[in-house]
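# Geometric and topological summary
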Amino acid sequence: MTIRDHAGAAEAFTADAERTAWHDEALWFVRAKRDEVTHAIPEWEALRTIASGIKAHTLSLLDDYLEEFERNAVAHGVTVHWATDADEHNRIILGILRERGATRLVKSKSMLTEECGLNHYLEAQGITVVDSDLGERIVQLGHEAPSHIVMPAIHKRKAEVGALFAQHFGTSPEEDDPNRLADAARGPLRRALFGADAALTGVNFAIAETGGIVVCTNEGNADLGCHLAPVHIACMGIEKLIPRVADLGVFLRLLARSATGQPITAYTSHFVRPRTPGQFHVVIVDNGRSEHLGRPDFREALACIRCGACLNTCPVYRRSGGHSYGATIPGPIGAILSPGIDLAKHASLPFASTLCGSCGDVCPVKIDIPGQLYRWRQLVARGGHLDVPKRRAMGCLGRILGSRRYYEWAGAIGRMMLRLAPAVPWLVRRTAWGRERELPVAPRESFRDWYRRNRDT
Amino acid sequence: MTVALFIPCYVDQCYPQVARATLAVLEARGVEVVFPMEQTCCGQPMANAGCQDDARAASERFVRTFSAYDTIVAPSGSCVAHVRHHFDQLPPTDAVRRVRARTVELCEYLLTLPEAPVVEFPYRVGVHVGCHTLRTLHQGTPSELGASGDGPLHTLLRRMPGITLVPLDRADECCGFGGSFAVDEPAVSARMGSDRVADHRRHGAEVMVSADMSCLMHLEGIIRRQGPPLPVMHVAQLLNGERP
């Protein structure tokens, strides 16, 4: 029924072998950089353990910390809004804009607004939205979703960006020099930034103790946007909280190293109070997170700091591209978050993995991603979301492997069929195994047959 | 001490030579080995496909068959990882706890024995490390956790005179087998496998060696489809004096 979703999209992606190789290499390069800088920190594993502990602690007292954050933020003149779901989040932002007659919004670094579908919502209400992060701008111009949570346009090659910019910025269609392309985008982006009525950013960390938020970027456009516009709106999921400023150091050391192999992002900006004159709004969004917090087997996933390391290391993600996941958050972390949002829709995602385990190893907050993938698989099957032939095959296989007699009998028939298979290569090539692989060459005698004949006296 | 040999279902049926080599290698080191005939499978194929309930009969059979033994040795890191880590789905009886604690991967077990007679293997070998052996059983250090630390498989191979272990661009990237993943996602699975094979070929491997036959079944299938030939062998076969 749904199990082919990721597989189908991934097959389409891999059909372009050369592109698949390029995508894989580009992300492997990022992982290799991550390896190099993390191995240079002797206390890396200790940092991961501490970060994991801080997040577990925070999640266990999340209601208290959220209220502490609100109290401290409000004391500094910040307007705090609470949104139960995506729709409420979008309406709150429209309300803030409408109140000031704002029609031009610049945005930067927010996967949450992707999750809420904010751009489409605002555009339908006559608001002009310009994503100012270059990667986000590229996917916005191409009417696409980000394919990666840190490098949104990583699926696009230089020439494709060149073609897109030729359409929008009048560069030569042959232009594929990254510096010249970035220059071409800069002029229109600067105009949008200077002309904006409001600026929206995401939040990397919200600190309960101070009521302040922290935004980590490399381009500085998020900062430019909210320093120029009279209104700054910051949107965050409830899980972005950390208790104290002292905790921030742990996460800042982990985040950029895990994400891109940088010691720290070029900009780590702290926002605590509105500029004068000016407004600073923080929108705190639930949108299913409380429900996820109530799932003991899966709540740990809310510790995610969105570094993207699990995407970069995932051999499946690297060869299938972010869009193949059909979810706001792709890759291994998306594959354990998305089923909690809509199990039927995302039923194929926990299976988009070989359970190789590398995602769990690179996770800076030690989320047991492979363990969760395994557990989601069980819930997908129990929920009736496996396709019927596979469900039946597993039931049948379970009965065969549960009985010595059936097993020996099925083994003999199976080996006979494998020996006959080479006579019908066209048939073999129509099976999922045989499409690109030969079947094993089956022996006449199983090991147990041999053992019985020679040893079992 | 008697060791019970667990031969994974697909090895029993498709690779009896690997099972015979495992038996021979253990016996050559003076171990008394029995192969309990009641065994079938650990249950991993169903459980990894999300059908833990369908795996239960096989897993319970495994426990019944092996709970009387002090040591259960299997030539497959993946199956051992399943017994040790996923038998928590069974009620935690003494028998279940015992087999979970006492099921050991072949290479790890061999390293607990006195060193055996040396066997030469004058070939350039590409080592394929199974992910469950590396990242679930923690044999060695994966490249993402530190400068690649070798596990028991490498240790055993390095003792063989004449052997050259070829360096690889990606020492421990997954081969793409992944049980039902191989047929659920055939395109990505095959692509991952091709990339592994290409890495080994690029570095002049004359034979690919692993302690996990399931990865090799997948990789061999790709090698035979794409050509040219590149033999694959289980480490037990090398230790048993076999040549490609």
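Residues numbered from 1 in each chain as written. Chains lettered and ligands numbered in written order. Predicted model: local features only at pLDDT ≥ 70, side-chain atom pairs only at ≥ 80, totals over all residues.

### Things to note about the overall build of chain A
A tally of helices and strands in chain A yields 22 helices and 10 strands. Once the C-alpha set of chain A is aligned to its principal axes, its extents read approximately 90 × 55 × 45 Å. A buried classification covers 47% of the 457 residues belonging to chain A. Contacts spanning at least 24 positions in sequence make up 73% of the contacts within chain A whose residues lie at least 6 apart. (Helix = DSSP H or I, 4+ residues; strand = E, 2+ residues; numbered from the N terminus. Buried ≥ 20, exposed ≤ 12 C-beta atoms within 10 Å, placed from the backbone. Contact = placed C-beta atoms within 7 Å.)

### A look at the overall build of chain B
Counting secondary structure elements, chain B contains 13 helices and eight strands. Referenced to the eigenvectors of the C-alpha coordinate spread, the extents of chain B come out at roughly 50 × 45 × 35 Å. Here chain B, with 244 residues, has 59% of them falling under the buried criterion. Put simply, of all contacts in chain B between residues at least 6 apart along the chain, 75% involve residues at least 24 apart.

### Things to note about the interface of chain A and chain B
Counting from both sides, the interface comprises 56 residues of chain A and, opposite them, 56 residues of chain B. For the side of chain A that touches chain B, the secondary structure elements donating two or more residues are helix H1 (4-14), helix H2 (17-39), helix H15 (315-320), helix H17 (358-362), helix H18 (369-382), helix H19 (388-401), helix H20 (404-420) and helix H22 (447-454) of chain A. At six residues, the largest contribution of residues to the side of chain A that touches chain B is made by H19(A).

### A look at unusual backbone geometry
Here the bond from A:Thr276 into A:Pro277 is cis, since omega is -5 degrees, no more than 30 degrees from zero. In this structure, A:Pro277 sits in the loop between strand E9 (267-271) and strand E10 (279-285). Following B:Gly227, the chain continues into B:Pro228 via a peptide bond in cis, with omega recorded as -10 degrees. Counting through the fold element by element, B:Pro228 comes out in the loop between helix H12 (213-226) and strand E8 (232-234). Even without a glycine there, the phi angle at A:Leu355 is positive, about 60 degrees. Inspection of the secondary structure puts A:Leu355 in the loop between helix H16 (331-341) and H17.

### Some details on the environment of A:Ile329
Residues and elements named next belong to chain A. You can see Ile 329 is positioned in the loop between H15 and H16. In this structure Ile 329 comes out as buried when scored by C-beta crowding, with 24 C-beta atoms within 10 Å. Counting along the chain gives 44 residues from Ile 329 to Val 285, while the straight-line C-alpha distance between them is 16 Å.

### Quick notes on the pairing of strand E4 (residues 198-201) of chain A
All names here are of chain A. Of the two faces of E4, the one lined by Ala 198 and Leu 200 and the one lined by Ala 199 and Thr 201 are each fully buried. Direction of pairing for E4 relative to strand E7 (residues 231-237): parallel, over a ladder of three bridges. Residue pairing for E7: Ala 199 is matched across the bridge by His 232. (Pairing = 2+ DSSP bridges.)

### Brief notes about the domain arrangement of chain B
Residues and elements named next belong to chain B. Looking at chain B, the domain boundaries give domain 1 (2-110) and domain 2 (124-239). Summarising the inter-unit geometry, the C-alpha centres of domain 1 and domain 2 are found 22 Å apart. Listed by partner, the interface residues are 25 residues for domain 1 and 21 residues for domain 2. Among the secondary structure elements, those contributing two or more residues to the side of domain 1 that touches domain 2 are helix H1 (9-14), helix H2 (16-28), helix H3 (44-48), helix H5 (77-86) and helix H7 (106-110). Residue composition of the side of domain 1 that touches domain 2, by class: 15 nonpolar, eight polar and two charged. (Domains from an automatic or database assignment. Nonpolar A, V, L, I, M, F, W, Y, C, P; charged D, E, K, R; others polar.)

### So, the sheet that holds strand E2 (residues 104-108) of chain A
Residues and elements named next belong to chain A. Pairing within the open sheet is parallel, and its six strands lie in the order E1-E10-E7-E4-E2-E3. Either end of the sheet is taken by a strand with one partner, and the two such strands are strand E1 (79-83) and strand E3 (128-131). Neighbouring strand axes in the sheet, compared pairwise and without regard to direction, differ in orientation by 20 degrees on average. As paired elements, E2 and E4 share four bridges and run parallel to each other. By the bridge assignment for E4, Val 106 is matched with Ala 199. (Axes fitted to C-alpha atoms, helices over the stretch in contact; angles between N-to-C directions.)

### Considering the sheet that holds strand E2 (residues 32-34) of chain B
All names here are of chain B. With parallel pairing, four strands are arranged side by side in an open sheet as E2-E1-E3-E4. With one partner strand each, in any of the chains shown, E2 and strand E4 (103-105) form the two edges of the open sheet. Strand-to-strand twist across the sheet, computed as the mean angle between neighbouring axes with direction ignored, equals 35 degrees. Sheet topology note: the strand E1 (residues 2-5)/E2 ladder contains three bridges and is parallel. Paired with Thr 2 across the strands is Glu 32, a residue of E2.

### Considering H18(A)
All names here are of chain A. With 14 residues, H18 extends 20 Å from end C-alpha to end C-alpha; this agrees with the ideal 20 Å at 1.5 Å per step. For H18, the secondary structure elements touched by its buried residues are helix H14 (309-313), H16, H17 and H19. Count one or two residues on from H18 and you reach Gly 384, which has phi positive near 80 degrees. (Expected span 1.5 Å × (residues − 1).)

### Some remarks on the nonpolar core
Core analysis: the biggest nonpolar cluster contains 203 residues, and A:Ile213, A:Met236 and B:Val235 have the highest contact counts within it. Ignoring sequence-local partners within four residues, the contact set of A:Ile213 consists of A:Val203, A:Phe205, A:Ala206, A:Ala234, A:Met236, A:Phe271 and A:Val282. (Core = buried A, V, L, I, M, F, W, Y, C linked by C-beta atoms within 7 Å.)

### A look at the confidence of the model for chain B
The predicted model of chain B averages 96 in pLDDT, with 100% of residues at 70 or higher. Interface predicted TM-score (ipTM) for the complex: 0.97; the corresponding pTM is 0.96. (pLDDT = per-residue confidence, 0-100.)

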